[in-house]
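# Per-entry structural report
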Amino acid sequence: MKKMIVGNWKMNKTTAEAMVFVKRLKKVKSKADIVMCPAFTALYAVSKLLGKSKIKLGAQNMFYEEKGPYTGEVSPKMLGVDYVILGHSERREYFNETNEEINKKVKAALKNKIKPILCVGESLKQRKAKKAKQVVGNQLKKCLKEVKKNEFSRIIIAYEPIWAIGTGKTATAEQAQEMHSFIRSVVSKIIGVKSSKKLKILYGGSVNPKNIKSIFEMKDIDGALIGGASLKLTSFARMIHLCS
Ligand code: 13P
């Protein structure tokens, strides 16, 4: 399977800064599928810059309603993107997003022909209590509720252990592989083993040019969702080269 590299810029970069980055990124050769996820405010400008480029555009969140009196929210139809990150742990933690809301967002994205990148992952406390799989299994079950079998080909799962995000502390390749294999087995119960093999499962959490190779060597790791190390073109381009 072709590897996928997704850059999640979080709340970083003005529109002007995003444009400078993307202009340079377009010149980087890549064998992987690349998705850039800037802030809402930069989406339109970046989409114009990307044009017919192979680099795809993603948003970092959206609301599930299509329009209406929801001050400050952004609907799927307004985004103009190919992908949307949903259920990121920062949204769950700081904005109290629940699995039920995330499930509505997943369904709204699919309805609007946007591919959801659904984030799941446990906290350190949950891992220490040996509840990591239980937590991730529950997130998958609730966030994917009522998603039709034929829609799974448009879903991407990102496993991001909370304790590895922005901490410099990556899960070992083996820890990540174990959870990715578990995620695939959970999904295989819904769509069957054969189809589940096509599911893209990304790893996220302190991925950088030094560790990406060993992470990508794992059987069930199909790509990476990268925060901090996606902000500088040099490190982002290095990671793209390393997986080519
Ligand atoms: P870092 O790569 O900065 O740890 O962030 C990971 C992440 O949250 C990507 O969505």
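Residues numbered from 1 in each chain as written. Predicted model: local features only at pLDDT ≥ 70, side-chain atom pairs only at ≥ 80, totals over all residues. Heavy atoms only, no water.

### Things to note about the overall build of the protein
Summing up its helical and strand segments, the protein has eleven helices and eight strands in all. For a compact globule of 244 residues, the expected C-alpha radius of gyration is about 18 Å, and the protein comes in at 17 Å, within 12% of that figure. Seen through its C-alpha atoms, the protein measures out along the principal axes to roughly 45 × 45 × 35 Å. Burial analysis of the protein (244 residues in total) assigns 53% to the buried set. Residue pairs in contact within the protein that sit at least 24 positions apart in sequence constitute 69% of those at least 6 positions apart. In the form shown here, the protein has an accessible surface area of approximately 12400 Å², with 54% of it arising from carbon and sulfur atoms. (Helix = DSSP H or I, 4+ residues; strand = E, 2+ residues; numbered from the N terminus. Rg over C-alpha atoms; globule rule 2.2 N^0.38 Å. Buried < 20%, exposed > 50% of the residue type's maximum accessible area, 1.4 Å probe, protein only. Contact = heavy atoms within 4.5 Å. Areas by Shrake-Rupley, 256 points an atom, 1.4 Å probe, with all protein chains shown as cover.)

### Side note on the site of the ligand
Taken together, 13 residues lie around the ligand, and Lys10, His88, Gly166, Ser206 and Gly228 are the ones closest in. Taking Asn8, its side chain carries an N or O atom lying 3.0 Å from an oxygen atom of the ligand. In the model, an oxygen atom of the ligand is placed 2.6 Å from a nitrogen or oxygen of the Gly166 main chain. Residues belonging to the shell around the ligand are distributed by class as follows: four nonpolar, seven polar and two charged. (Near = heavy atom within 4 Å. Polar contact = N/O pair within 3.5 Å; in protein donor to acceptor, adjacent residues only side chain to side chain. Nonpolar A, V, L, I, M, F, W, Y, C, P; charged D, E, K, R; others polar.)

### Things to note about the sheet that holds strand E2 (residues 33-37)
Taken in spatial order, the eight strands of this closed barrel run E1-E2-E3-E4-E5-E6-E7-E8, and their pairing is parallel. Here the strands of the sheet are splayed against their neighbours by 25° on average, with no regard to which way each runs. Inspection of the sheet shows strand E1 (residues 4-8) paired to strand E8 (residues 223-226) by four bridges, in the parallel sense. Along E8, the bridge assignment pairs Val6 with Leu225. Contacts between helix H8 (residues 173-191) and the sheet are confined to strand E5 (115-120), strand E6 (156-159) and strand E7 (200-204), with E7 contributing the most and set at about 150° to the helix. (Pairing = 2+ DSSP bridges. Axes fitted to C-alpha atoms, helices over the stretch in contact; angles between N-to-C directions.)

### Observations concerning the nonpolar core
Counting residues in hydrophobic clusters, the biggest one holds 70 residues, and the most contacted among them are Ile5, Leu25, Ile157 and Phe236. Ranked by the residues each element gives to this core, the list is headed by H8, at seven residues. The residues contacting Ile157, other than those within four sequence positions of it, are Leu118, Val120, Leu140, Leu144, Ile183, Leu199, Lys200, Ile201 and Leu202. Val6, Tyr83, Cys119 and Leu225 belong to the second largest nonpolar core, which has twelve residues in total. (Core = buried A, V, L, I, M, F, W, Y, C linked by side-chain atoms within 4.5 Å.)

### So, empty space enclosed by the protein
In total, this model carries one cavity of 30 Å³ or more according to the counting rule given. In this structure, the largest cavity spans a volume of roughly 40 Å³. In terms of lining, the largest cavity is formed by Gly87, Ser89, Arg92, Cys119, Val120, Gly121, Gln139, Glu160 and Ile162. When contributions to the lining of the largest cavity are tallied by element, the ones reaching two or more residues are helix H4 (89-94) and E5. Among the residues forming the lining of the largest cavity, the class breakdown is three nonpolar, four polar and two charged. (1 Å grid on protein atoms, 1.4 Å probe; cavity = no way out; pocket = protein on both sides within 12 Å on 5 of 7 lines; lining within 4 Å. Points joined across faces, edges and corners; volume = space filled by probe spheres on them.)

### Description of the environment of Ile162
The topology assignment puts Ile162 in the loop between E6 and H8. For Ile162, a relative accessible area of 30% puts it in the partly exposed group. Beyond its immediate chain neighbours, meaning those up to four positions away, Ile162 contacts Ser89, Gly121, Glu122 and Ser123.

### A few points about the packing of aromatic side chains
Applying the stated criterion across every chain yields a total of five aromatic pairs. Aromatic pair Phe21 and Phe236: ring centres 6.2 Å apart, planes at 50°, arrangement tilted. Highlighted residues: Phe21 in helix H1 (residues 15-25) and Phe236 in helix H11 (residues 233-242), separated in sequence by 215 residues. As far as the burial class goes, Phe21 and Phe236 line up, both buried. Each ring, one from Phe63 and one from Tyr64, has its centre 4.4 Å from the other, and the planes form 35°; the classification is tilted. By way of ring pairs, the aromatic residues Trp9, Phe21 and Phe236 are connected into one cluster. Directly above the ring of Phe216 sits Lys3, whose terminal nitrogen or CZ lies 5.6 Å from the centroid. One cation-aromatic arrangement involves Lys13 over Trp9; the distance from NZ or CZ to the ring centre is 5.1 Å. (Phe/Tyr/Trp six-rings, centres within 6.5 Å; stacked < 30°, edge-to-face > 60°. Lys NZ or Arg CZ within 6 Å of the ring centre and 35° of its normal.)

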